[in-house]
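Structure assessment
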Amino acid sequence: MKITDVSLTLFSWDDIPATQYGQTSRFAGSSALGLLCLRTDDGVEGHAFLGSASNSATTDAQGLITHLKPMLMGRDPVMREAIVAELWRRQRSAGVRCIGAVDVALWDLLGKAMGQPIHRLLGTFRESVPAYASSAVLASPEAYAEEAVKHKEEGWAAYKIHPPTEWRKDIEVCEAVRRAVGDYTIMLDSTWAYDYPAALRVGRVAEALGFLWYEDPLHDQDIYNYVKLKRQLSIPILATEYPITGLESYQPWITQQATDFLRGDVAVKGGITTLVKAAHLAEAFRMGFEVHHGGNSLNNLANLHVIASIRNTTFFEVLLPDAAQKYGLRKDIVVGRDGMVHVPHEPGLGADIDFELIERKKIAVLS
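Residues numbered from 1 in each chain as written. Predicted model: local features only at pLDDT ≥ 70, side-chain atom pairs only at ≥ 80, totals over all residues. Heavy atoms only, no water.

Another aspect to go through is the overall build of the protein chain. For the protein chain, the helix and strand inventory stands at 14 helices and 15 strands. Relative to the compact-globule value of 21 Å for 367 residues, the protein chain shows a C-alpha radius of gyration of 20 Å, a close match. On the principal axes, the C-alpha backbone points of the protein chain span a range of 60 × 45 × 35 Å. Residues classed as buried in the protein chain amount to 59% of the 367 residues present. Considering only residue pairs separated by 6 or more positions, the protein chain has 73% of its internal contacts joining residues 24 or more positions apart. (Helix = DSSP H or I, 4+ residues; strand = E, 2+ residues; numbered from the N terminus. Rg over C-alpha atoms; globule rule 2.2 N^0.38 Å. Buried < 20%, exposed > 50% of the residue type's maximum accessible area, 1.4 Å probe, protein only. Contact = heavy atoms within 4.5 Å.)

Quick look at the structure:
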């Protein structure tokens with residue numbers, strides 16, 4: 001089996017609601033996704049999405065075609081590990097999101113060729129996982145409290161706060177949510193908002209309120225202050241979602257004991273291959289590895305396959321609102337009445353891609 005063609009169809013994503021996470025991630029209106037297709041001489045195709053509501057695929061699309069397509073042509077997709085090693089040599093030209101999309105498409109292709117879902121190829125550990133709701137920035141402490149109660153009553157496993165990122169207001173939000181939900185699992189993701197003194201103040205409150213973890217309070221590469229913060233708090237620290245890079249980026253966080261968990265997703269860590277390796281690396285140190293949302297519907301499916309195959313993760317993250325995160329599939333991931341997300345059993349990603357929508361919304365085809 002040989003790869004005979006690589007194409008990227010750009011299609012528009014309209015009517016995205018005004019959404020904010022943290023201080024800098026604000027978006028609304030329209031974006032573009034890219035449907036990556038790897039075709040083979042056996043007629044098998046592998047797919048992935050490139051882009052998100054907040055980061056249009058137009059940012060990375062041409063780099064994928066210019067720098068990654070030539071080295072993919074004629075290759076046997078079963079030689080995925082060798083191909084991925086070459087993809088990483090082109091990181092500076094094409095970027096990690098492109099590497100991640102190609103890697104996901106290679107896994108999808110392999111699963112279809114073998115008639116197996118990706119989690120089976122990785123080695124299935126579970127077939128369902130608890131889901132947690134992950135908020136956007138909301139207008140008031142009361143709005144967070146209402147949303148948290150709603151998801152608790154619907155049976156979701158937990159609720160995570162993305163606060164306004166002003167430490168006094170963030171404390172008010174944390175207190176309001178805890179009062180409203182009582183004995184229920186809640187987490188705080190401060191999206192790299194604080195300096196060390198503010199991070200310590202907020203962390204002590206989250207700790208006293210019994211939050212499950214305290215995520216990304218400091219700048220994403222501020223390992224020095226993460227080490228200090230971790231020594232002052234007993235609440236687990238969850239970092240390493242960023243920077244956007246590969247497996248090696250985890251080394252200093254482990255060796256300097258700067259975080260209690262490792263974190264990542266297929267978009268910002270370079271695909272399923274890197275994500276699985278990172279989870280196993282964490283497992284060697286008896287650390288948890290929590291998978292971040294993937295930014296688009298196919299990435300979230302890829303994340304779910306990884307979660308199903310590893311032992312050291314707890315949840316599946318559902319970033320709210322749905323209309324800013326889910327697009328391009330006829331049937332997307334749904335949280336069941338039991339608060340669980342169930343893995344697909346169809347070959348590859350098991351995705352029901354809405355090709356008719358993509359054709360209607362098509363902007364361009366890069367090949």
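Still more ground to cover, so stick around.
Compared with an ideal rise of 1.5 Å per residue, which puts 19 residues at 27 Å, helix H4 (residues 96-114) spans 27 Å between its outermost C-alpha atoms and is within 8% of the ideal. Burial of H4 is extensive: 15 of the 19 residues sit out of reach of the surface. Directly after H4, the chain includes Gly115, whose backbone phi takes a positive value near 70 degrees. (Expected span 1.5 Å × (residues − 1).)

Another point: the layout of surface pockets. Of the pockets and cavities examined, the largest pocket occupies roughly 810 Å³. Lining of the largest pocket is provided by 41 residues; of these, Ser25, Ser54, Tyr242, His292 and His293 occupy positions nearest its centre. Of all elements in the fold, only strand E2 (25-40), strand E3 (45-50), H4, helix H11 (266-269) and strand E11 (316-319) reach the threshold of two or more residues within the lining of the largest pocket. Along the lines of polarity and charge, the residues of the lining of the largest pocket split into 15 nonpolar, 18 polar and eight charged. (1 Å grid on protein atoms, 1.4 Å probe; cavity = no way out; pocket = protein on both sides within 12 Å on 5 of 7 lines; lining within 4 Å. Points joined across faces, edges and corners; volume = space filled by probe spheres on them. Nonpolar A, V, L, I, M, F, W, Y, C, P; charged D, E, K, R; others polar.)

Okay, empty space enclosed by the protein next. By the definition in use, this model includes one cavity of 30 Å³ or more. Approximately 100 Å³ is the volume found for the largest cavity. Of the residues assigned to the lining of the largest cavity, the class counts are five nonpolar, three polar and four charged.

Right, let's talk about the pattern of salt bridges for a bit. A full pass over the atoms with the stated rule returns 23 salt bridges. Its salt-bridge partner being Glu81, residue Lys277 comes within 2.5 Å of it at the nearest N-O pair. With Lys277 in helix H12 (residues 272-284) and Glu81 in helix H2 (residues 80-89), the pair connects residues that are 196 residues apart, well separated along the chain. Residue classification places Glu81 among the partly exposed residues on the basis of a relative accessible area of 37%. With its nearest N and O atoms 3.2 Å apart, the salt bridge here joins Glu359 to Lys362. Through salt bridges with shared partners, a single network forms among Lys160, Asp189, Glu215, Glu241, Arg263 and Glu317. (Salt bridge = Lys/Arg side-chain N within 4 Å of Asp/Glu carboxyl O.)

Another point: the packing of aromatic side chains. Throughout the structure, instances matching the rule amount to eleven aromatic pairs. Relative to Tyr327, the ring of Phe11 lies with its centre 6.1 Å away and its plane at 20 degrees, an arrangement referred to as stacked. Taken together, the positions of Phe11 in strand E1 (residues 3-21) and Tyr327 in the loop between E11 and strand E12 (329-331) put the pair 316 residues apart, joining distant regions of the chain. Ring plane angle 70 degrees and centroid distance 5.2 Å describe the contact between Tyr226 and Trp253, whose orientation is recorded as edge-to-face. A residue pair is termed long-range when its members are at least 10 positions apart, and Tyr226 in helix H9 (residues 223-232) and Trp253 in helix H10 (residues 251-255) qualify at 27 residues. The exposure class assigned to Tyr226 is buried, which follows from its relative accessible area of 1%. Under the relative-accessibility criterion, Trp253 is labelled buried at 3%. Each residue in the set Phe11, Trp13, Phe49 and Tyr327 is aromatic and connected to the rest through ring pairs, giving one cluster. (Phe/Tyr/Trp six-rings, centres within 6.5 Å; stacked < 30°, edge-to-face > 60°.)

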